[in-house]
Amino acid sequence: MNRHYLLAVLSIFGLALTVFSVVRDDQVAMPDKAPGTEIRSPFTGQIAGTGITEAYGGNIAVGTPVAAIIKSIPVRWGSTVSAGTPLVYLDDSDLQARLPLANARVQEVQARLAMSRNASERAERISDKRAISAEEVDNRRFAVKTDEVLVATAQAAVEEIKMEMQRHIVRAPVSGQILQIRLHNGEYADNSAPLILMGDAGRRQVRVDIDENDARYVRPDAAAFAYSRNDAEHSVALHFERIEPYLRPKSTLTSASAERVDTRVLQVIYSFDTKDMPLYIGQMLDVFIDTGAKPHTASSRRPAAAGAVQP
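Residues numbered from 1 in each chain as written. Predicted model: local features only at pLDDT ≥ 70, side-chain atom pairs only at ≥ 80, totals over all residues. Heavy atoms only, no water.

Undergrad: Please give an account of the overall build of the chain that cites residues and values.
TA: Across its full length, the chain holds three helices and 13 strands. A buried classification covers 31% of the 311 residues belonging to the chain. The long-range share in the chain, meaning contacts at least 24 apart out of those at least 6 apart in sequence, stands at 80%. For the chain, the accessible area works out to roughly 19800 Å², and carbon and sulfur atoms hold 55% of it. (Helix = DSSP H or I, 4+ residues; strand = E, 2+ residues; numbered from the N terminus. Buried < 20%, exposed > 50% of the residue type's maximum accessible area, 1.4 Å probe, protein only. Contact = heavy atoms within 4.5 Å. Areas by Shrake-Rupley, 256 points an atom, 1.4 Å probe, with all protein chains shown as cover.)

Given below as structure tokens:
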């Protein structure tokens, strides 16, 4: 009897130990926030938005006017280039093969033109009109005009090939820094994707997504500050640039559990100097914009709707 009682007690104890171990393993320890990561708004009344750092004036996605194999890329990541600098050389071997033939065609028709001009000039110099008919003189004049047109056509064909060869050289549209090279030597380039991302590296701008419910509170003269994500120690004052007055679907997500993705946002562009805060292009920022709102009193406080101005 005592043996059976002991086995029952041990079984209950083993079951309790198993349940305790499972529950303990399922518990996830929440790490403490590092000091200086909790960001507080510098304004009494504000709206907040998420911003993406861009090159000043916007990131430029450089495309190609023709579809071809990439022959070489003379620039590197981080290079600073001026407007007109070659960025990508596309394969133009077929054009290189056609150019000598086109030049030979020009020389051929130029020789024919010289012959027709010589014949026409000899006919014009004959003083005895009985030696050559007026019709023959006119025919030689028309032959000269025809050969002149053939020369112009052949020369235009050469210029067309040369222009097409220039189109196989992708050049920088503006001065700036190479931010990203998306294709490499030997890959096929077409209009489905840009080749290179570049922009003005001397100054930065931030594209801020403002929820459509808060869009009416945005003012061009309002003060604004930006913070790096999870970094309350460093902020930068923003300079208003423009408002893009078209609300677009929200695409920049913060992965917050309460974040709405079925909403539209107003994009507001601010700029700042890289000396004030060195940031990488593409870095995400937390932006606070002053609304000038006064603190709510107990008598005037109303229930706040989702996405409303935070006191």
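From this point, the discussion proceeds with the structure in view.
Undergrad: A description of the packing of aromatic side chains should follow, citing residues and the corresponding values.
TA: Each aromatic ring pair is characterised by the separation of its centres together with the angle its planes make. Across all of its chains, the model carries two aromatic pairs by this definition. A ring pair is formed by Tyr227 and Phe288, whose centres lie 6.0 Å apart and whose planes are at 80°; its orientation type is edge-to-face. Of this pair, Tyr227 sits in strand S9 (residues 224-228) while Phe288 sits in strand S13 (residues 284-290), and the two are 61 residues apart along the sequence. Summarising the burial analysis for this pair, Tyr227 and Phe288 share the class buried. Here the aromatic rings of Phe240 and Tyr270 are separated by 5.9 Å at their centres, their planes lie at 75°, and the arrangement is edge-to-face. Residue Phe240 is located in strand S11 (residues 239-249), and its partner Tyr270 is located in strand S12 (residues 264-273); the two are separated by 30 residues in the primary sequence. (Phe/Tyr/Trp six-rings, centres within 6.5 Å; stacked < 30°, edge-to-face > 60°.)

Undergrad: Residues and numbers for the packing of helix H2 (residues 93-125) against helix H3 (residues 134-167), please.
TA: Where H2 meets H3, the closest approach of the two axes is 8 Å, and the angle between their N-to-C directions is 160°. In terms of orientation, H2 lies roughly antiparallel with respect to H3. Between H2 and H3 lies a crossing of left-handed hand. Among the residues making up the contact of H2 with H3, the classes are represented as 17 nonpolar, six polar and 11 charged. (Axes fitted to C-alpha atoms, helices over the stretch in contact; angles between N-to-C directions. Parallel < 35°, antiparallel > 145°, perpendicular 65-115°, else oblique. Left-handed = near helix turned anticlockwise from the far one by under 90°. Nonpolar A, V, L, I, M, F, W, Y, C, P; charged D, E, K, R; others polar.)

Undergrad: Any details on the pattern of salt bridges? Residues and values, ideally.
TA: Taken as a whole and assessed by the stated rule, the structure comprises 12 salt bridges. Linked by salt bridges that have partners in common, Glu54, Arg207, Arg242, Glu244 and Arg248 make up one network. (Salt bridge = Lys/Arg side-chain N within 4 Å of Asp/Glu carboxyl O.)

Undergrad: Outline the sheet that holds strand S4 (residues 86-90), listing residues and values.
TA: The strands making up a sheet are joined through hydrogen bonds of the backbone, oriented either antiparallel or parallel. Pairing in this open sheet of four strands is antiparallel, and the strands run S5-S4-S2-S7 from one edge to the other. The open sheet terminates on both sides in strands that have one partner only, identified here as strand S5 (169-171) and strand S7 (188-189). For S4 and S5, the ladder comprises three bridges, and the chain directions are antiparallel. Bridge pairing links Tyr89 to Ile169 in S5. (Pairing = 2+ DSSP bridges.)

Undergrad: Explain the pairing of S9 to me, and be specific about the residues and the numbers.
TA: Burial analysis of S9 places four of its five residues in the buried class, which makes it a mostly covered element. Inspection of the sheet shows S9 paired to S13 by five bridges, in the antiparallel sense. Bridge pairing in S13 places Ser228 opposite Leu285. Between S9 and strand S10 (residues 235-237), which pair antiparallel in sequence order, lie six residues; one of them, Asn230, sits at a positive phi of approximately 60°.

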